[in-house]
Structures are given as C-alpha cells and as structure tokens.
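The residues making up each chain are set out below.
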Amino acid sequence: MKKTDIKKLREDYSKGILKPSDLMDHPLKQFINWFEEAVDFGVKEPNAMILSTIDKNNSPSSRTVLMKESNDHGIVFYTNLESDKALHIARNNKVSVLFLWLEMERQVRMIGTATIVGNNTATKYFQTRPKASQIGAWASAQSKILEDRKTLESKVKKLQEQYKNEDVLPKPSFWGGYLIKPSQIEFWQGRRNRLHDRLRYNQLDNGDWNLIRLNP
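Here is what the cut-offs are and how they apply
Residues numbered from 1 in each chain as written. Predicted model: local features only at pLDDT ≥ 70, side-chain atom pairs only at ≥ 80, totals over all residues. Heavy atoms only, no water. Pairing = 2+ DSSP bridges. Helix = DSSP H or I, 4+ residues; strand = E, 2+ residues; numbered from the N terminus. Phe/Tyr/Trp six-rings, centres within 6.5 Å; stacked < 30°, edge-to-face > 60°. Buried < 20%, exposed > 50% of the residue type's maximum accessible area, 1.4 Å probe, protein only. Lys NZ or Arg CZ within 6 Å of the ring centre and 35° of its normal.

Pairing geometry for strand 1 (residues 48–54) and strand 2 (residues 60–70), over seven bridges, is antiparallel. Bridge assignment links T53 to a residue of strand 2, and that residue is S61. Linkage of strand 1 to strand 2, two consecutive antiparallel strands, is achieved through a turn of five residues, within which N58 is found at a positive phi near 65°. One ladder, built from three bridges, connects strand 1 with strand 4 (residues 94–101); its direction is antiparallel. In the strand pairing of strand 4, L51 is matched with V97.

Okay, structure coming up:
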C-alpha cells in the first residue's frame, strides 16, 4: 500500500482577500452574507459545522452538526437532548463552532453560549423533517451503547409500522434545539504563503462589537 508523505500535502490559497472595509458592522449579518455566498458557490453542506463542548472532566469534545437557522441573535441546531453534547451543555453552556468552506478557502469560528429553544419552535421544525428522519430520532438513544445494529433496525421497523398511516410523528420529549449566541466571531480568508486574513469581532459589555485583525 502506498504511504502518503503527509508533510508534502499543501495548498496555496489564492481565491480571495479580506479587508475590514469588506465587512458589515454586525458579525451575524456578515455571517449570513458569507453563508449565502457559500450556498451560491455550491459548497457541499455549507450548514455543516464542528461543534465543540466541554465534558464533566473539562475535556473538549467535537462533532459535526447541521445549523438549521441563522438570525440576528445567533445560530440554531437540533439534537437529542440526552446525547453527550446536550449533557455537556447542561453542565457548561459555553461552546465553539467552526464552519469550513474549503471550496472558497474560508472558515468562520464562533465562541458563545448555547440555550434550549422553545418546545413549540422545536416541534414545528421536527415535523418539517422527512418522516424517515423523524422515525430515526425516535429510534436512536443517541450516544448510548448499542449492542448491535439489528436492535436499532428493529426499533425503526416497529415505528414504521406504528406510524404507517401518519405523515408526521409527535416530537419526542428528549429532542430539541439550541440557540448559540456568539460573543466572538472570526472570519478567515485563505491567502498565499499562509499569510491568511483573520478578522475577529468581539462583543463588548454594552452589546456592541469591535473588529480587530489577527496575525495569521
């Protein structure tokens, strides 16, 4: 088997530049603008983000989740409320997220706090999901030990039979969403020779934002 020389794997980014004058006053408006550009560019799953939480031992834990809403308050994702990530957030609601859009040589980093969205909001979104995804949410005890795949598939089949005449399922009590309200957002644009542009918004005590440039 061929062994890749990892040290030689490199890209020299050249698709754009980023200046403070390019950015809006409010970072979440700027994020929405960049997100829409990623959609138009054809980035695959531009709403995929790496969510990092802190467990009970103060160890970081990361996984990929999907953003399902973005507004002037923050970004929203949905999950099993008994999953590892949810248990971490219940202990410490400080989180970070990372969006990586390699096709555009861009990334966005956020640090903020996560709070549970209202049950009505979560129910409304849950029942817009494909029926198979609703069944999957009911069937999976996310993050818990699964003895074998057949156990999960059996639960799915039982739910399919139970709800075969229904278009939507009730939302599980253990399923919901989180609003992440950022206090720091960094916009990163890849540049040649690793001299990338990094512009970071920090929220001030009065709720306003300041903008600084960081060394790459």
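Another aspect to go through is the packing of aromatic side chains. Across all of its chains, the model carries 13 aromatic pairs by this definition. When the ring of W34 is compared with that of F187, the centres are 5.2 Å apart and the planes differ by 90°; the resulting orientation is edge-to-face. On the criterion of sequence distance, the pair formed by W34 in helix 1 (residues 27–41) and F187 in strand 6 (residues 175–189) is long-range, its members being 153 residues apart. Considered together, W34 and F187 belong to a single accessibility category, that of buried residues. Here the aromatic rings of Y125 and W175 are separated by 6.1 Å at their centres, their planes lie at 15°, and the arrangement is stacked. Of the two residues, Y125 sits in helix 3 (residues 119–126) while W175 sits in strand 6, which places them 50 residues apart along the sequence. R106 extends its terminal NZ or CZ atom over the ring of W34, reaching a point 4.0 Å from the ring centre.

Although it is not a glycine, E105 sits at a positive phi angle of roughly 55°. Relative to the assigned elements, E105 resides in the loop between strand 4 and strand 5 (106–116). Residue class for E105 comes out buried when judged on its relative accessible area of 8%. With a phi angle near 80°, S143 is a residue other than glycine that sits in the positive phi range. Relative to the helices and strands, S143 resides in the loop between helix 4 (131–139) and helix 5 (149–162). Under the relative-accessibility criterion, S143 is labelled partly exposed at 42%.

Purely geometric numbers; function is a separate question.
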